Amino acid sequence: MKSGESFFSVSGQNHKSRKKHLRALACLRQPGFVVEVIKKHRCPQRILLAVLWFFQTVSTGVYAGHAQPGQLTASPQQQEIPDLKKPNIILVLLDDLGWGDVGYNGNTYIETPTIDRLAREGTIFTDAYSNSPNCAPSRAALMSGLYAPRTKVYTMVSGDLGDERLRTRLTPKNRMHLEPGFYTLAEMLKDQGYVTANIGKWNLGTGPVRGPEGQGFDVNIAGFRGGHPHKGYFAPYDLPGLEDAPEGEYLTNRLNDEAIKFIRQHKRDPFFIYLSHFAPHFPFQAEEPLTEKYRKKAVEHPDSDGMPEQPEYAAMVESVDIGLARIVDTLVENKLDSNTLIIFTSDNGGMRGMSWLGNFRGEKSLIYEGGIRVPMFWWWPGQINAGKSGYPVMGIDIYSTLNDLLQGKAQALDGISLLGELGLAKKEQQGRAGNDKQAEKNREKVARREAIFWYFPAYVEGENPDASDRYFQQRPVAAIRKSDWKLLLYLDSDRIELYNLALDSGEQNNVAKYQPAIVKELTKALRQWLKKNGVAAPLKNNPAFDEAFAAQYSRSFFDRWIEWFSHLVK
């Protein structure tokens, strides 16, 4: 050893030698280990005390990276990074939670103090999107890291909803499950040494192959094919793993309890919890004390400026918030908070009349902003940026980011790594993100994605004031967002809508005819993406379509009544 060089210095050691020293040092810093050594070799107690004192006071140099989250030691030369403990990961996914249903996005009726605090302490993505305007395809994208054309999960049940005489095109066959051949987020994390739990809604299949048990989860609580608790939110539920629920127990509380139980059981292991709440999906049911609180609040503060005041819905959301507070308290209690990453988002936009969608057009099942813009934040104290990012992100980016963070083995993901946006690609944070070269690669990934895409080849029946026609709420459509421009290409007619979200976030002014160059550019990019993913556009003609019936149906009841009355009086 060179003169003046510490045994624990970073320089002067090769990587393998240093890792051995770190492992030895880590063992010696565990009193239980030292006690066993002393007993085995029958050493006097004073040796034990001397060893513990020595390593407590002298050995803080190399090992200090473990002690202070976010403060990694540096060396005069390029730093060799020790194998730090992998972060615990809790992905909190709500069902049908609208962008404006949380306090940090401006809601003054629904109270979400814990969600708001975690959001302020973490990175808020203001322009976060689900991969679909309804649940199953959004969840398939999140678990696979792939766009809908690759999973073939396009919509909830079928794309052929509504009267077939009104559907001009045939929609592709929809899968109602995620095929087991996909390498899921849970499988990637399991291969990285994580113990994994699905707690709540799954919606992508049932059983040992297509259910959570066959898709990388060690534990499954309540996950099955269905999209909502068909017997309601109060026990008995008839849900997997909850057969012992006492009558009258509230489902949201129980799922939070299961998450807390899992944390305590696996506090010494890296764990992944997919806490996928059914709330606030219908049926709208909540515990009476919270519901009564919001009834009173609606009376005391009636001027909501267009904000829905639905007591049951608000109570359902606050129940999630209360449970999240208990989960964070459990992390703090077990000294896991500084090494736990929490990701919070929703599977699609909310339902108008229940959710507050601000000035966004549309709602769940529509490809307008109200149906796909969702709240999202990432929280990891001491490790990621605190602030807001306006970079457009999607559910598929969660898989890509975690895979990049852990240097996993997933291949051909459609999302991008958000390490740069989170601050984990900064030079001083390389204990988590890799070396300087990897950090630059992460930043390039963020800069390289020029657009995000949607493919929703489905007819959704029903009239909606935000829809573009009287036949359906939503027609088969593909969409692209590039910078502030968003273009919709309808797959049954080649009709195009173009909006500038910076000037018109409510998507009220279709400017396609005024921006031919933008239309040409975005249409070309969208069609290239569809072709690359093997998608036909437009779709094939539907032989059952009845043009005469459609023309009659398109007129309002009032118009048809006037026509009938005029014919009658002639």
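Conventions adopted
- Residues numbered from 1 in each chain as written.
- Predicted model: local features only at pLDDT ≥ 70, side-chain atom pairs only at ≥ 80, totals over all residues.
- Heavy atoms only, no water.
- Helix = DSSP H or I, 4+ residues; strand = E, 2+ residues; numbered from the N terminus.
- Buried < 20%, exposed > 50% of the residue type's maximum accessible area, 1.4 Å probe, protein only.
- Contact = heavy atoms within 4.5 Å.
- Areas by Shrake-Rupley, 256 points an atom, 1.4 Å probe, with all protein chains shown as cover.
- pLDDT = per-residue confidence, 0-100.
- Polar contact = N/O pair within 3.5 Å; in protein donor to acceptor, adjacent residues only side chain to side chain.
- Salt bridge = Lys/Arg side-chain N within 4 Å of Asp/Glu carboxyl O.
- Axes fitted to C-alpha atoms, helices over the stretch in contact; angles between N-to-C directions.
- Parallel < 35°, antiparallel > 145°, perpendicular 65-115°, else oblique.
- Nonpolar A, V, L, I, M, F, W, Y, C, P; charged D, E, K, R; others polar.
- Core = buried A, V, L, I, M, F, W, Y, C linked by side-chain atoms within 4.5 Å.
- Pairing = 2+ DSSP bridges.
- Phe/Tyr/Trp six-rings, centres within 6.5 Å; stacked < 30°, edge-to-face > 60°.

### Examining the overall build of the protein
Here is step 1: Secondary structure summary: the protein contains 20 helices and 17 strands in total.
Here is step 2: For the protein, the proportion of its 570 residues judged to be buried stands at 54%.
Here is step 3: Of all intrachain contacts in the protein linking residues separated by at least 6 positions in sequence, the fraction that spans at least 24 positions is 68%.
Here is step 4: Approximately 25700 Å² of the protein is accessible, and the part contributed by carbon and sulfur atoms is 53%.

### A few points about the confidence of the model for the protein
Here is step 1: Per-residue pLDDT for the protein averages 83, and the proportion of residues at 70 or more is 78%.
Here is step 2: Note that residues 1-43 has pLDDT below 50 and, in this model, 47 contacts with residues that lie over four places away or in other chains.
Here is step 3: Confidence drops under pLDDT 50 across residues 557-561; counting only partners more than four residues distant or on other chains, this segment forms three contacts.

### Comments concerning the side chain of T155
Here is step 1: Its place among the elements puts T155 in the loop between α7 (148-151) and α8 (185-191).
Here is step 2: The buried category is assigned to T155, whose relative accessible area is 5%.
Here is step 3: Here the side chain of T155 touches N134 through a polar contact of 3.1 Å, side chain to side chain.
Here is step 4: Sequence-distant contacts of T155, defined by excluding residues within four places in its chain, comprise N134, A136, P137, N174, F456 and A458.

### Let's talk about helix α6 (residues 135-144)
Here is step 1: Burial of α6 is extensive: 10 of the 10 residues sit out of reach of the surface.
Here is step 2: Against the buried residues of α6 lie β1 (88-94), α7, α8, β6 (271-276) and α14 (396-406).
Here is step 3: Positioned one or two residues after α6, G145 has a phi angle of 75°, which is positive.

### Quick look at the pattern of salt bridges
Note on pairing: side chains with opposite charge can pair once their charged atoms come close.
Here is step 1: What the rule picks out here adds up to 32 salt bridges.
Here is step 2: In this structure, K201 and D95 form a salt bridge, with 2.5 Å as the shortest nitrogen-oxygen distance. Of this pair, K201 sits in the loop between β4 (195-200) and α9 (207-210) while D95 sits in the loop between β1 and α5 (113-121), placing them 106 residues apart in sequence. Across this residue pair, the class does not change: K201 and D95 are buried.
Here is step 3: Across the pair R481 and D484 runs a salt bridge, and its minimum N-O distance is 3.9 Å.

### Things to note about the packing of α6 against α14
Here is step 1: Two elements in contact, α6 and α14, have axes whose closest approach is 6 Å; the angle formed by their N-to-C orientations is 10°. When the axis of α6 is compared with that of α14, the two are roughly parallel. Here α6 contributes A141, L142, M143 and S144 to the contact with α14, which in turn contributes I396, I398 and Y399.
Here is step 2: Among the residues forming the contact of α6 with α14, the class breakdown is six nonpolar, one polar and no charged.

### Here's the deal with the nonpolar core
Here is step 1: Grouped together as the largest cluster of nonpolar side chains are 57 residues, with contacts concentrated most on I90, L255, F271, I273 and F377.
Here is step 2: Looking at this core, the element that brings in the most residues is helix α12 (residues 311-333), giving 10 residues.
Here is step 3: When residues no more than four places from it in sequence are discounted, the contact partners of F377 are Y104, I115, L118, A119, T123, I124, I342, I343 and F344.
Here is step 4: Counting 43 residues, the second-largest nonpolar core is a separate cluster that includes A140, L142, M376 and L405.

### A short note on the pairing of strand β7 (residues 340-346)
Here is step 1: The element β7 is largely enclosed, with a buried count of seven among its seven residues.
Here is step 2: Where burial is concerned, the two faces of β7 agree: the one with T340, I342, F344 and S346 and the one with L341, I343 and T345 are both buried.
Here is step 3: Examined bridge by bridge, β1 and β7 share seven bridges and lie parallel to one another. Paired with I89 across the strands is L341, a residue of β7.
Here is step 4: Both β7 and strand β9 (residues 376-379) contribute to a ladder of four bridges, which runs antiparallel. Residue pairing across strands places T345 opposite M376, the latter belonging to β9.

### Remarks on the environment of G223
Here is step 1: Structurally, G223 is set in the loop between β5 (219-221) and α10 (251-265).
Here is step 2: Sequence separation between G223 and G205 is 18 residues, and the spatial gap between their C-alpha atoms is 8.8 Å.
Here is step 3: Dropping the residues within four chain positions of it, G223 is found in contact with N198, G200, W202, P212 and P240.

### A short note on the packing of aromatic side chains
Here is step 1: Applying the stated criterion to the full structure yields 19 aromatic pairs.
Here is step 2: Aromatic pair W202 and F217: ring centres 5.8 Å apart, planes at 80°, arrangement edge-to-face. One end of the pair, W202, is in the loop between β4 and α9; the other, F217, is in the loop between α9 and β5, with 15 residues separating them in the sequence.
Here is step 3: The class of W202 is buried, set by a relative accessible area of 0%.
Here is step 4: Residue classification places F217 among the buried positions, given a relative accessible area of 4%.
Here is step 5: Aromatic pair F262 and F271: ring centres 6.5 Å apart, planes at 85°, arrangement edge-to-face. For the pair F262 and F271, a shared accessibility class is recorded, and that class is buried.
Here is step 6: Here the aromatic cluster, defined as three or more aromatic residues joined through ring pairs, consists of W202, F217, F272 and Y274.

### Some remarks on the sheet that holds strand β8 (residues 373-374)
Here is step 1: Spatial ordering of the open sheet is given by β8-β3-β11, a layout of three strands whose pairing is mixed. The open sheet is flanked by β8 and β11 (393-394), the only strands paired with a single partner.
Here is step 2: Of the strand pairs in this sheet, strand β3 (residues 128-129) and β8 are connected by two bridges, and their pairing is antiparallel. Paired with Y129 across the two strands is R373, which belongs to β8.

### Some words on the environment of N198
Here is step 1: Here N198 is to be found in strand β4.
Here is step 2: Here the alpha-carbon distance between N198 and G211, two residues 13 residues apart in the chain, equals 9.9 Å.
Here is step 3: At 3.3 Å, the side chain of N198 and the backbone oxygen of G200 are in polar contact.

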